[in-house]
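# Analysis of the macromolecular model
Spelled out from the first residue to the last, the chains are:
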Amino acid sequence: MNTSDKIWRDEHGVCHVAGKDKTEVFGLMGYAHAKDRGMQILLMRILGQGRASEILDSSDEVLGIDKFFRRMNWAGSTSSEIKKISPEAEKIIDAYCHGINKALTEKVPWEFKLFGYQPEPWRAEDVILISRMVGYLTLAQSQGEMERLLIEFVQAGLDEERLNELFPGLLGDLNIDLVKKVELQERLVSPSSLWNIAAPLMMASNNWAVSGKKTASGKPILANDPHLEVNRLPNIWYEMVLQTGDTYAMGGTMPGAPALLVGRNPNLAWSATYTFMDATDSWIEKCKGGKYLREPDQWLQFTEREEIIKRKKKDPVKIVFYENKHGVLEGDPHKEGYYLSTAWAPAFSGAATLDSFIKVLDAKTVTEGMDLFGRVETSWNWILADKDGNIGYQMSGLMPKRRKGISGFVPLPGWEEKNDWQGFEKPEDLPRCYNPECGYFVTTNQNLNPYGKVEPINVGMGPYRSDRIGKLLSENNKITCEYMFKLHYDVYSTQAELFMKILGPLLPDTKLGKIFKNWNFEYSADSEGAFLFDRFYKELYLDVFGKNGFGTEVVAYIDKHTGMFNDFYINFDRILLSEKSLWFGGSKREDLYLRAAEKALKEPLEKWGNARKIMMKNILFDGKLPKFSGFDRGPITIIGSLATPHQGQIFESAGRQTSFAPSFRLVTDLATDDIYTNLAGGPSDRRFSKWYCSDLENWISGKYKKLNVNSDKKQKL
């Protein structure tokens, strides 16, 4: 591969590649990924294979991470998918892997020399592995954790009436007595080590498109800002401009896979957010003697999968996983009892997803794009716009078919065949929309079930961000890219507005009470009202769900150490905003609000930004090196809250501080051939490269760079 005249950087450090066809272009993409993000992709593969104890660190904490990935078995179940890959995709994946291996042959990231690790060649199996990791980690996983939380609530003695208030319409066929018998091996309300190293945390996102009838240019404009963990370097996204003959594609890729996940070509633009589709189910298995029950009275043998985890300078650890068609059992079936087996629908996916991403580079219309993205096996909300003036929305993902009346949220008896999945729903039956009459479509991880023939979402995020973005789009019929930039940085909370309608009249006429009462509902860095509201809101749910529900210590733990209140706040807000609820324990809503406000007003007043500072830490060294070495950057201030268009969340997860904010911002007007972006980081994972954090100031200040194929300031990669 001669790369000298086919691969270069523009003035922003973004990689451009030019090839005679897609195969050559994707080969160059692989080379660029390994050259700029070799440490990142090798680290992801080590994690996904469950080999961190062998290569990086033999601590018990890292062993827990390896056990998780061995349980998921994404690296060990790729052969069936490899056989399904289309001839075109196979050719492209081979070229992509060849590109990665060429770059790694030239130079292995020096960090791995410290560990004595010489990487094996990158293979198609690794591409499948990365695609599964991106689709599951903390996204589909959070859905499964919410279902696990239900079990813990039942076992803690919560009554069905209060559970129904918290999870309305989802508890069909819940057998409380049976659920209480389930022996959980791990509980959410206990420390977890899983996310203490490099796997990226992902949560939420915004995307929207407006039709030409609402834009100054007369053509659609599309915007996207995936909300991921931003306090890790390098950023998970890697921007690229791809050229083939007289056509192009550009946008955001994730190193390790040959795909342009968000971006555009000359005719079509596409963007993604996560859906919270319920594609994870658990079944209760009755076990004894190493077997599981099936009706009427059959006892069947589990398939046993033995995994050996090697550990640096320690003895290896052998684990046996017990599997049936419901997934992996959590427990030892030789000990008589009731255990959970759990399955994630796309666990054995990858081929169709990669095929769609390769084909979309040639797609010209929204309808073509909807058809291709509808076949993606992991679950996303795709918003698209084309040069002909059309906009559209399509949900993707393998959604299990369940019997009528069953949501998938409640664990059901595995021995009853009627509770099994009955295949998967058709993409055309999933939520979708084409050229909405209002001229725009917004997704912010909210409930989009009304747009489908089936209802994939059981619990999702609230409508606050989409309500705010939709309101601002509806008010403007001369929308420009600059207007979209402002929306990306909007910190107005419709959530706070709803709560303050109730709380405002109750506040005292003290100095702090007046600051709180006159707050403009914006989570800007200098806002004192935002600080007071955040304190009030936490005191309120600690009181309501602690004293009258789970127990104050449990709620405090969930709040501090998990993302439950951050992901699924609408389930809790529905109760907190109700006039009456069993969760109020006989108290009046207004009395509860006033009590929480009094506690909040007693705390020393601060500006919102003072408590919103984070360090951006290198994913491999995780703050272990001195600050002057430059591997970590910051502190930076995160504006916004969980309910503002510019999402800004900071909380502790698995013992470390984490953050969720717009990791990558993209805006494009189909009237031009440009995209406007900024990134919380830079193109390279090489600390001593000028491109390590080259876009961070733009990301903080709201400045966007313009990318297109016409850059004449070519620099060597």
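Residues numbered from 1 in each chain as written. Predicted model: local features only at pLDDT ≥ 70, side-chain atom pairs only at ≥ 80, totals over all residues. Heavy atoms only, no water.

When you go through the protein chain residue by residue, the secondary structure sums to 21 helices and 29 strands. Relative to a compact globule of 717 residues, whose C-alpha radius of gyration would be 27 Å, the protein chain shows 25 Å and is just as compact. Reported as C-alpha extents along the three principal axes, the dimensions of the protein chain are approximately 75 × 70 × 55 Å. Expressed as a percentage of the 717 residues in the protein chain, the buried residues total 65%. Of the contacts made within the protein chain by residues no fewer than 6 positions apart, 72% connect residues no fewer than 24 positions apart. Per element, the accessible surface of the protein chain, about 26,800 Å² overall, is 49% carbon and sulfur. (Helix = DSSP H or I, 4+ residues; strand = E, 2+ residues; numbered from the N terminus. Rg over C-alpha atoms; globule rule 2.2 N^0.38 Å. Buried < 20%, exposed > 50% of the residue type's maximum accessible area, 1.4 Å probe, protein only. Contact = heavy atoms within 4.5 Å. Areas by Shrake-Rupley, 256 points an atom, 1.4 Å probe, with all protein chains shown as cover.)

A surface patch of nonpolar side chains, about 360 Å² in accessible area, is lined by Trp110, Leu114 and Phe688. Here Trp110 shows up in helix H6 (residues 110-114). (Patch = residues over 30% accessible without salt bridge, like charges linked within 9 Å, V, L, I, M, F, W, Y side chains within 5 Å. Salt bridge = Lys/Arg side-chain N within 4 Å of Asp/Glu carboxyl O.)

Another point: helix H3 (residues 60-72). Between the first and last C-alpha of H3 there are 19 Å, a value that for 13 residues agrees with the 18 Å anticipated at 1.5 Å per step. Within the sequence span of H3, burial applies to Val62, Leu63, Ile65, Asp66, Phe68, Phe69, Arg70 and Met72. (Expected span 1.5 Å × (residues − 1).)

This next bit is on the pattern of salt bridges. What the rule picks out here adds up to 44 salt bridges. Of the charged contacts in the structure, one is a salt bridge between Arg402 and Asp281, with a shortest N-O distance of 2.8 Å. One end of the pair, Arg402, is in the loop between strand E19 (391-395) and strand E20 (412-413); the other, Asp281, is in strand E11 (residues 280-288), and 121 residues separate them in sequence. Each of the two residues, Arg402 as well as Asp281, counts as buried. The closest approach of N and O atoms between Asp543 and Arg595, which form a salt bridge, is 2.8 Å.

With that out of the way, let us pick up the sheet that holds strand E28 (residues 675-679). With antiparallel pairing, the six strands of this open sheet are ordered in space as E22-E3-E4-E27-E28-E29. Edge positions in the sheet fall to strand E22 (440-443) and strand E29 (705-707), since each of these pairs with one other strand and no more. Neighbour to neighbour, the strand axes of the sheet diverge by 15 degrees on average, direction disregarded. Across the face of the sheet, helix H12 (residues 464-474) comes into contact with strand E3 (206-210) and E22 while running at roughly 160 degrees to E22. Those strands touched by helix H13 (residues 481-488) are E3, strand E4 (221-225), strand E27 (664-669) and E28, and its axis lies near 155 degrees from that of E27. (Pairing = 2+ DSSP bridges. Axes fitted to C-alpha atoms, helices over the stretch in contact; angles between N-to-C directions.)

Within the fold, His33 resides in helix H1 (residues 22-48). Using a relative accessible area of 0% as the deciding quantity, one classes His33 as buried. Looking at His33, its side chain comes within polar contact range of the side chain of Thr253, at 2.9 Å. Filtering out sequence-adjacent residues up to four positions away, His33 remains in contact with Gly38, Tyr96, Tyr238, Met240, Thr253, Met254, Pro255, Gly256 and Ala257. (Polar contact = N/O pair within 3.5 Å; in protein donor to acceptor, adjacent residues only side chain to side chain.)

Right, let's get into the packing of aromatic side chains. Here the distance between the centres and the angle between the planes together describe a pair of aromatic rings. If you walk through the whole model with that rule in mind, you get 43 aromatic pairs. Judged by centre distance (4.9 Å) and plane angle (70 degrees), the ring pair of Phe441 and Tyr451 falls under edge-to-face. In this pair, Phe441 is assigned in strand E22 and Tyr451 in the loop between E22 and H12, connecting sequence segments ten residues apart. With 5.7 Å between their ring centres and 50 degrees between their planes, Phe533 and Phe536 make a pair best called tilted. Of this pair, Phe533 and Phe536 are both found in helix H16 (residues 528-550), three residues apart, which corresponds to roughly one turn of the helix. Taking the relative accessible area as the measure of exposure, Phe536 reaches 0% and is therefore buried. Of the aromatic side chains, those joined through ring pairs into one cluster are Tyr492, Phe499, Phe516, Trp519, Phe521, Tyr523, Phe533, Phe536, Tyr537, Tyr541, Tyr593 and Trp608. (Phe/Tyr/Trp six-rings, centres within 6.5 Å; stacked < 30°, edge-to-face > 60°.)

Further remarks concern the packing of helix H5 (residues 87-106) against helix H10 (residues 351-360). When two helices pack together, you describe them by how their axes are tilted relative to each other and by the distance separating the axes. Where H5 contacts H10, the axes come no closer than 10 Å and their chain directions differ by 85 degrees. Considered as vectors, H5 and H10 are oriented roughly perpendicular to each other. Residue-level inspection shows Glu88, Ala89, Ile92 and Ile93 of H5 in contact with H10, the latter providing Leu354, Asp355, Ile358 and Lys359. Class assignment for the residues of the contact of H5 with H10 results in five nonpolar, no polar and three charged. (Parallel < 35°, antiparallel > 145°, perpendicular 65-115°, else oblique. Nonpolar A, V, L, I, M, F, W, Y, C, P; charged D, E, K, R; others polar.)

So, on to the pairing of strand E23 (residues 613-618). Here strand E6 (residues 232-233) runs beside E23; their pairing, made up of two bridges, is parallel. Bridge assignment links Leu233 to a residue of E23, and that residue is Asn618. When E23 meets strand E24 (residues 633-637), the two strands line up antiparallel, connected through three bridges. Note that in E24 the partner of Lys613 across the bridge is Thr637.

We now examine the sheet that holds E24. Spatially, the three strands line up as an open sheet ordered E6-E23-E24, and their pairing is mixed. Where the open sheet ends on each side, the last strands, each with one partner, are E6 and E24.

So, about the nonpolar core. Formed by 204 residues in total, the largest nonpolar core has its most connected members in Phe167, Phe533, Phe536, Phe545 and Phe550. With 15 residues, the single largest contributor to this core is helix H7 (residues 124-155). When near neighbours in sequence (up to four residues on either side) are disregarded, Phe545 contacts Leu166, Phe550, Gly551, Val555, Phe572, Ile575, Leu576 and Trp583. Counting 19 residues, the second largest nonpolar core, distinct from the first, contains Ile221, Leu472, Met484 and Tyr704. (Core = buried A, V, L, I, M, F, W, Y, C linked by side-chain atoms within 4.5 Å.)

This part takes up the environment of Thr658. By secondary structure assignment, the location of Thr658 is in strand E26 (residues 656-662). In this structure Thr658 comes out as buried when scored by relative accessible area, which is 0%. Considered as a pair, Thr658 and Thr247 are 411 residues apart in the sequence and their alpha carbons are 40 Å apart.

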